[in-house]
Amino acid sequence: MITLGPISCVTIAVAQVQPLIDAYTLHLGYGLVDTGRISAQEAALWDRPLLAGRRFALMLPGGEGHTYIRFVESKPDPNYVAFRHFGWNAAELMVQDVDKVAEQLADSPFKIIGPPADLSFSDKIRAMQVLGPAKESLYLTHFKERLPEFDTPEPKHFIDRTFITIVGGKTCESINAFYSKHFGVAKADAVPGVISVISAAHGLPHDTHHKLAAMTLAGQSFIEADEMPKGTLPRESQTELPTAIAMISFGVEKLPDSIDSWLAPAQTLAAPPYHGRRARVCVGAAGEWLELIER
């Protein structure tokens with residue numbers, strides 16, 4: 001059985017790399033670990049040859065760990081609006097104290113679009129939502145105590161690594177089915193929950209309930225599937241990366257044979273986050289890009 005996880009990299013498409021490096025360093029405490037130009041081989045892996053030679057940067061919480069955030073220079077879609085499109089909606093980062101994080105980000109390039117609040121289904125989890133300089137959505141989440149139903153990492157840094165990625169699709173069932181079929185991920189029950197950032201983006205009442213399902217992966221990682229409202233748009237990308245959160249990289253035991261939505265042939269790359277391993281990119285049920293890196 002192919003095992004999906006952990007989350008190894010969140011790739012964000014940006015107009016320019018340096019402002020993102022500055023913002024994540026100064027306000028999130030991330031450290032720069034690599035920067036340079038996208039190679040022709042990497043651009044071929046993504047089936048985006050025009051990206052060869054574009055700048056990239058890799059960052060880690062506190063400059064250490066194994067779950068990267070990667071910025072890649074790519075021309076954004078001017079019509080993109082967060083939470084109005086299918087695909088990767090957000091990256092969720094574990095933090096030590098979400099209320100203090102809100103104070104820290106009050107005067108920063110990270111616009112608070114959801115102030116700290118206990119989740120509608122658990123008062124043991126408190127989270128906030130921000131929109132970053134590249135229109136990337138970040139959830140910043142604090143577990144007040146460990147919950148037996150969630151194998152979550154302990155935040156070593158004030159703002160730590162991504163442990164959940166959120167994908168918005170037409171139905172939770174279609175997303176569940178894709179990850180179950182190709183990766184053996186256990187299907188998660190869909191439950192109603194208040195997702196205020198989705199409601200706000202679609203002009204719905206704040207307390208509207210949306211279906212969501214939390215799928216458990218290896219490596220203390222999760223994928224949350226959100227069922228998007230009517231009128232949600234596809235995220236178009238013909239020659240550039242998808243806007244904002246473009247792609248999520250996951251570790252896998254081996255590249256699966258069952259997927260028919262590969263972008264291009266596999267590549268073996270030396271640099272992080274690949275570290276000399278084979279990788280390939282496919283498209284999920286909601287149009288989300290997954291980069292699969294053999295462990």
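To be clear, the structure that these remarks concern was listed above.
Basis of the calculations
Residues numbered from 1 in each chain as written. Predicted model: local features only at pLDDT ≥ 70, side-chain atom pairs only at ≥ 80, totals over all residues. Heavy atoms only, no water. Pairing = 2+ DSSP bridges. Helix = DSSP H or I, 4+ residues; strand = E, 2+ residues; numbered from the N terminus. Axes fitted to C-alpha atoms, helices over the stretch in contact; angles between N-to-C directions. Contact = heavy atoms within 4.5 Å. Buried < 20%, exposed > 50% of the residue type's maximum accessible area, 1.4 Å probe, protein only. Core = buried A, V, L, I, M, F, W, Y, C linked by side-chain atoms within 4.5 Å. Phe/Tyr/Trp six-rings, centres within 6.5 Å; stacked < 30°, edge-to-face > 60°.

Student: Even after reading the chapter, I still don't get the sheet that holds strand β14 (residues 267-269), so can you show me in this structure?
Tutor: One key point about sheets: their strands pair by backbone hydrogen bonds, in either a parallel or an antiparallel sense. Ordered in space as β2-β3-β4-β1-β13-β16-β15-β14, the eight strands form an open sheet in which the pairing is mixed. Looking along the sheet, the strands with just one partner apiece sit at the ends: β2 (30-37) and β14. Ignoring which end each strand starts from, the neighbouring axes of this sheet average 30° apart. Bridging between β2 and strand β3 (residues 55-61) involves seven bridges; their strand directions are antiparallel. Along β3, the bridge assignment pairs Gly36 with Phe56. Contacting β1 (4-14), β2, β3 and β4 (68-73), helix α1 (residues 17-28) runs over the sheet at an angle of about 10° to β3. Docked against the sheet, helix α4 (residues 172-183) engages β1, β13 (244-252), β15 (277-283) and β16 (289-294), running at close to 20° with respect to β16.

Student: Help me understand the pairing of β16 in this model?
Tutor: Two faces make up the sheet, and in a regular strand the side chains alternate between them. In terms of burial, β16 is a largely internal element, six of the six residues being buried. Judged by which residues are buried, β16 turns out to be covered on both faces: Trp289, Glu291 and Ile293 on one side and Leu290, Leu292 and Glu294 on the other are all buried. Strand direction decides the pairing type here: β13 and β16, joined by six bridges, are parallel. In the sheet register, Gly251 faces β16, and the bridge partner there is Ile293. Sheet topology places β15 next to β16; five bridges connect them, and they run antiparallel. In the strand pairing of β16, Cys282 is matched with Leu290.

Student: Sorry, what's going on with the environment of Ala117 here?
Tutor: The topology assignment puts Ala117 in strand β6 (residues 111-119). Using a relative accessible area of 34% as the deciding quantity, one classes Ala117 as partly exposed. For Ala117 and Gln129, which are twelve residues apart along the polypeptide, the C-alpha to C-alpha distance reads 9.8 Å. Not counting chain neighbours up to four residues away, the residues in contact with Ala117 comprise Ile125, Arg126 and Ala127.

Student: In this structure, what is going on with the nonpolar core? I would like to understand it.
Tutor: Among soluble globular proteins, nonpolar side chains are generally buried collectively. Counting residues in each nonpolar core, the largest one holds 55 residues, and the members touching the most others are Leu4, Tyr24, Phe71, Tyr179, Phe183, Phe250 and Leu292. If you tally residues by element for this core, the top one is α1, at six residues. Grouped together as the second largest cluster of nonpolar side chains are 21 residues, Ile38, Leu45, Leu241 and Met247 included.

Student: What exactly am I supposed to notice about the packing of aromatic side chains here?
Tutor: We describe a pair of aromatic rings using the distance from one ring centre to the other and the angle between the two ring planes. Enumeration over the complete set of coordinates arrives at ten aromatic pairs. Both rings, one in Tyr24 and one in Phe71, keep their centres 4.9 Å apart while their planes meet at 65°; by these two values the pair is edge-to-face. Taken together, the residues span a long stretch of sequence, with Tyr24 in helix α1 and Phe71 in strand β4 at a distance of 47 residues. Across the pair, Phe71 and Tyr24 agree in class, each one buried. Three or more aromatic residues link up through ring pairs in this structure, and these residues are Tyr24, Tyr30, Phe71 and Phe110.

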